[in-house]
Amino acid sequence: MRKLHVKRAERLPAAFKVEMSWQEIVAQLLTRDISDTGIFLAAERGSYPPVGTVVKVRLQGNLGCGEEPPTLSMRIVREADDGIGLMFVDERDE
């Protein structure tokens, strides 16, 4: 598998409940941090698809204005013992 080049960005601690989906699977996860380029999700090994997979991610609950949050396309770019790093994907490039 080819390595994905990921630009480093300042990470800010953030704990949000999100829903990540791929194929027919939906997982409820918690963010650990967020940056301009992506997020890190706390997850157990084997509970997510491999690096390189594009998934859909959506904040759980409604936004402050009462609207539903958008569903974003994200690519899994890194895995660690305590979770996975995802990068925002421009859907026009997919």
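A few points on the structure. The shown structure was predicted, so the numbers you read here are calculated from the model rather than taken from an experiment.

Some thoughts on the pattern of salt bridges
Part 1 of the reasoning: Applying the stated criterion across every chain, the model contains five salt bridges.
Part 2 of the reasoning: The partner of Arg32 in a salt bridge is Asp33, with the nearest N and O atoms 3.8 Å apart.
Part 3 of the reasoning: Take Arg32: its relative accessible area is 38%, and that puts it in the partly exposed class.
Part 4 of the reasoning: With its nearest N and O atoms 3.7 Å apart, the salt bridge here joins Glu79 to Arg45. One end of the pair, Glu79, is in strand S6 (residues 72–80); the other, Arg45, is in the loop between strand S4 (38–42) and strand S5 (54–59), with 34 residues separating them in the sequence.

Quick look at the environment of Gln23
Part 1 of the reasoning: By the element assignment, Gln23 lies in the loop between strand S2 (17–22) and strand S3 (25–34).
Part 2 of the reasoning: Taking C-alpha positions, Gln23 is 8.4 Å from Val55, a pair spaced 32 residues apart along the chain.

What to know about the pairing of S5
Part 1 of the reasoning: Relative to S5, S2 runs antiparallel, the two sharing four bridges. When the bridges of S5 are listed, Ser21 appears paired with Lys56.

Concerning the nonpolar core
Part 1 of the reasoning: Counting residues in each nonpolar core, the largest one holds 16 residues, and the members touching the most others are Met20, Leu29, Leu41, Val55, Val57, Ile84 and Leu86.
Part 2 of the reasoning: Elements with a contribution of two residues or more to this core: S2, S3, S4, S5, S6 and strand S7 (83–88).
Part 3 of the reasoning: When residues of this core are assigned to their parent elements, the largest contribution, three residues, is made by S2.
Part 4 of the reasoning: When sequence neighbours within four positions are dropped, the list of residues in contact with Leu86 reads Met20, Thr37, Gly38, Ile39, Leu41, Val55, Val57, Met74, Arg75, Ile76 and Val77.

What about the packing of aromatic side chains?
Part 1 of the reasoning: Under the defined criterion, the tally for this structure stands at zero aromatic pairs.
Part 2 of the reasoning: For Arg32, the ring lying beneath its charged end belongs to Phe40, and the centroid distance is 3.9 Å.

Details of a nonpolar patch on the surface
Part 1 of the reasoning: Nonpolar side chains collect at one region of the surface, where Leu12, Ile34, Leu72 and Phe88 lie side by side and expose about 310 Å² of accessible area between them.
Part 2 of the reasoning: With respect to the helices and strands, the residue Leu72 is situated in strand S6.

Notes on the pairing of S7
Part 1 of the reasoning: Summarising the sheet, S4 and S7 pair through five bridges and their orientation is antiparallel. Residue pairing in the sheet places Leu41 in a bridge with Ile84 of S7.
Part 2 of the reasoning: Looking at chain direction, S6 and S7 are connected through six bridges and run antiparallel. Residue Met74 lies in a different strand from S7, and its bridge partner there is Phe88.

Reading guide: rules and limits
Within every chain, residues take consecutive numbers counted from 1 along the sequence as written. Predicted model: local features are reported for residues with pLDDT of at least 70 only, side-chain atom pairs are reported and counted for 80 or more only, and whole-chain, interface and lining totals are derived from all residues. Excluding hydrogens and water, the side-chain values take into account all heavy atoms of the structure. One speaks of a salt bridge when a side-chain nitrogen belonging to Lys or Arg is within 4 Å of a carboxyl oxygen belonging to Asp or Glu. The rule is simple: take the accessible area with a 1.4 Å probe, protein chains only, and divide by the maximum for that residue type; under 20% is buried, over 50% is exposed, in between is partly exposed. Helix numbering and strand numbering both begin at the N terminus, where a helix is a DSSP run of H or I of at least 4 residues and a strand a DSSP run of E of at least 2. At least two bridges found by DSSP between two strands is the condition for calling them paired. In these notes, a set of buried Ala, Val, Leu, Ile, Met, Phe, Trp, Tyr and Cys residues joined through side-chain atoms within 4.5 Å is what counts as a nonpolar core. The contact criterion used throughout is that any non-hydrogen atoms of two residues lie within 4.5 Å. Ring pairs are drawn from Phe, Tyr and Trp, using the six-membered ring of Trp, whenever the two centres fall within 6.5 Å, and their geometry is named by plane angle: stacked under 30 degrees, edge-to-face over 60, tilted for the rest. Note on criteria: charge over ring means Lys NZ or Arg CZ within 6 Å of the ring centre, with the direction from the centre no more than 35 degrees off the ring normal. Patch definition: residues with relative accessible area over 30% and no salt bridge; like charges joined within 9 Å; nonpolar side chains (Val, Leu, Ile, Met, Phe, Trp, Tyr) joined within 5 Å. Shrake-Rupley sampling with a 1.4 Å probe provides the accessible areas, and residues are treated as covered by the protein chains on show and by no other component.

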